[in-house]
Amino acid sequence: MKPLDGSGLIVDPQAQAHASPPAGGGLRAELLDPARLSLPERRRWAALTANAAPGNVFAADWFMEPALRHCGPGRSMRLAVVQDAAGAWVGALPLSLKPRIGRWPVPSFHGWHSTNQFIGTPLVRAGAEKAFWQGLLAHFDRHPGLALGLYAETLPLGDPAGLALASLCAEQGRALHLCQSSTRPARVTGSTAADPRAERKLHKRLDGLEGKLAQAHGAVQLVLHTRPEDCEPWLAAFLALERAGWKGRAASALGCHAATAGLFREVIREGHRRGTVRLASLTAGESIVAMTSWMVDQGRGYGFKMAFDEAFRSFAPGRLLMRRVAELSAGEGLALFDSCAVRDAPHDPLWPDRRAFGSVAVGIGGSARRALFDRLMRAQVGISQT
């Protein structure tokens, strides 16, 4: 299999082996209305979450269902589900039909995720990544409707789901088009990417700022909110802090604060109940100067949401809090901590590695339709093919 040029993908033979299990027989795909799932279907979705591969925390049913309900595009949304012969769900991916990919007029099924998600990978049973894509593509080859392709956005290229799609396309002689690629800061256990000098320089600067903050406002402390009764007060304080800052003002101006806040409340409550969501506050004396949440699932960490009091901006409270989170994640021995920063965020000594993502497109339907899709994609400037 040829790596995706320019994407930062390194094909790990061991990871690729896990990404290509025998697909087995009896695979069946269907497109469900996520707002009208039956109780048995909800149970299958929850069972899939319980047996999902690492890296699917943002696609878990307890996150994705409220995301679809609060932020989804409504009637155009479908939950693409691949089932095995026994009816158990092998994988699920929210999709919507759109008339273009970026600025290119190519009607396609698009993988969907909300603005509060940071990974577009499907929810897939561990070891069945290849079976999922095989079942989904076979379904769309038979029933493409108006679409010419399938567009999967923000896939972690080194994870089994991304590797499995690339492997399957190579086996089937199906062109896989890389439409966008990016990286963002992360920390990978065992990596040698850290620059000790840059880390020392950063810590010296943050030590100075924390000392000034303590001198001006009182002792600086990290507070972890681990008890069940801690969740609601933390939520109220966080949302108030966010509304008072520039993020809150921007969200109100765009008219999107209510939906994202509703999703945030549900996800924090359920994730905290499950022990997946971690909540923390940084205080100086009697004042909360910054607050954050992150997720820990199957030995991996994911940054989620942060807010800080802009009255303390000169002390870099967000960076002071992130340093504490980085120390906690290192102490917990997580295999990966994805900062979930914006795409192509600059180098950060707290998260010295880079995690690669790509948005990829593949043709569906019969050979003539797929050939047309490939010609249209190759004609676009900046589209590469593997």
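In what follows, the structure referred to is the one given above.
Because the structure is predicted, anything quoted here is derived from the model rather than measured.

Draft legend 1. The overall build of the chain, seen in detail. Across its full length, the chain holds eleven helices and 14 strands. Per-residue burial over the chain gives 52% buried out of 386 residues. Sequence separation of at least 24 residues holds for 77% of the intrachain contacts in the chain that already meet a minimum separation of 6. Element-wise, carbon and sulfur atoms account for 54% of the exposed surface of the chain, whose accessible area totals about 17100 Å².

Draft legend 2. Spotlight on unusual backbone geometry. Its identity is not glycine, yet Gln 298 carries a phi of approximately 50°, on the positive side. The topology assignment puts Gln 298 in the loop between β10 (287-297) and β11 (300-308). On the basis of relative accessibility, which here comes to 44%, the residue Gln 298 falls in the partly exposed class. In this model, Cys 340 sits at a positive phi of 55°, which is unusual for a non-glycine residue. Within the element layout of this structure, Cys 340 appears in the loop between β12 (336-338) and β13 (353-363).

Draft legend 3. Looking closely at the nonpolar core. Grouped together as the largest cluster of nonpolar side chains are 43 residues, with contacts concentrated most on Phe 58, Ile 268, Met 295 and Phe 304. Per element, the largest residue contribution to this core is six residues, and it comes from helix α7 (residues 231-244). The contact partners of Phe 304, leaving out residues within four places of it in the chain, are Phe 58, Phe 63, Asn 116, Phe 118, Phe 264, Val 267, Ile 268, Ser 293, Trp 294 and Met 295. In this structure, Leu 136, Leu 168, Val 360 and Val 362 belong to the second largest nonpolar core, which totals 30 residues.

Draft legend 4. Seen up close, the pairing of β11. With eight of nine residues buried, β11 is to be regarded as a mostly interior element. The pairing of β10 with β11 spans eight bridges and is antiparallel. By the bridge assignment, Thr 292 is partnered in β11 with Met 306. Where β10 hands over to β11, the hairpin turn is made up of two residues, of which Gln 298 adopts a positive phi near 50°. Pairing analysis gives three bridges linking β11 to β12, with the strands arranged parallel. Its bridge partner being in β12, Gly 301 is matched across the sheet by Phe 337. Chirality of the crossover, the property in question, places the unit of β11, helix α10 (residues 317-332) and β12 among those that are right-handed.

Draft legend 5. Seen up close, the pairing of strand β4 (residues 108-111). Because side chains alternate across β4, one face comprises the buried residues Ser 108 and His 110, and the other comprises Phe 109 and Gly 111, equally buried. Where strand β3 (residues 89-98) lies against β4, four bridges are found, and the strand directions are antiparallel. Bridged to Leu 95 within β4 is Gly 111.

Draft legend 6. Seen up close, α7. Taking 1.5 Å per residue, 14 residues should reach 20 Å; α7 reaches 20 Å between its end C-alpha atoms and fits that length. Every buried residue belonging to α7 is among Cys 231, Trp 234, Leu 235, Phe 238, Leu 239, Leu 241 and Glu 242, and all of these are buried. Projected down its long axis, α7 carries its buried residues within an arc of 160°, all on one side. Every exposed residue of α7 that faces more than 90 degrees away from the buried side is listed here: Pro 233 and Ala 244.

Conventions we followed
Residues numbered from 1 in each chain as written. Predicted model: local features only at pLDDT ≥ 70, side-chain atom pairs only at ≥ 80, totals over all residues. Heavy atoms only, no water. Helix = DSSP H or I, 4+ residues; strand = E, 2+ residues; numbered from the N terminus. Buried < 20%, exposed > 50% of the residue type's maximum accessible area, 1.4 Å probe, protein only. Contact = heavy atoms within 4.5 Å. Areas by Shrake-Rupley, 256 points an atom, 1.4 Å probe, with all protein chains shown as cover. Core = buried A, V, L, I, M, F, W, Y, C linked by side-chain atoms within 4.5 Å. Pairing = 2+ DSSP bridges. Right-handed = clockwise from strand over helix to strand, strands pointing away. Expected span 1.5 Å × (residues − 1). Arc of directions from axis to C-beta.

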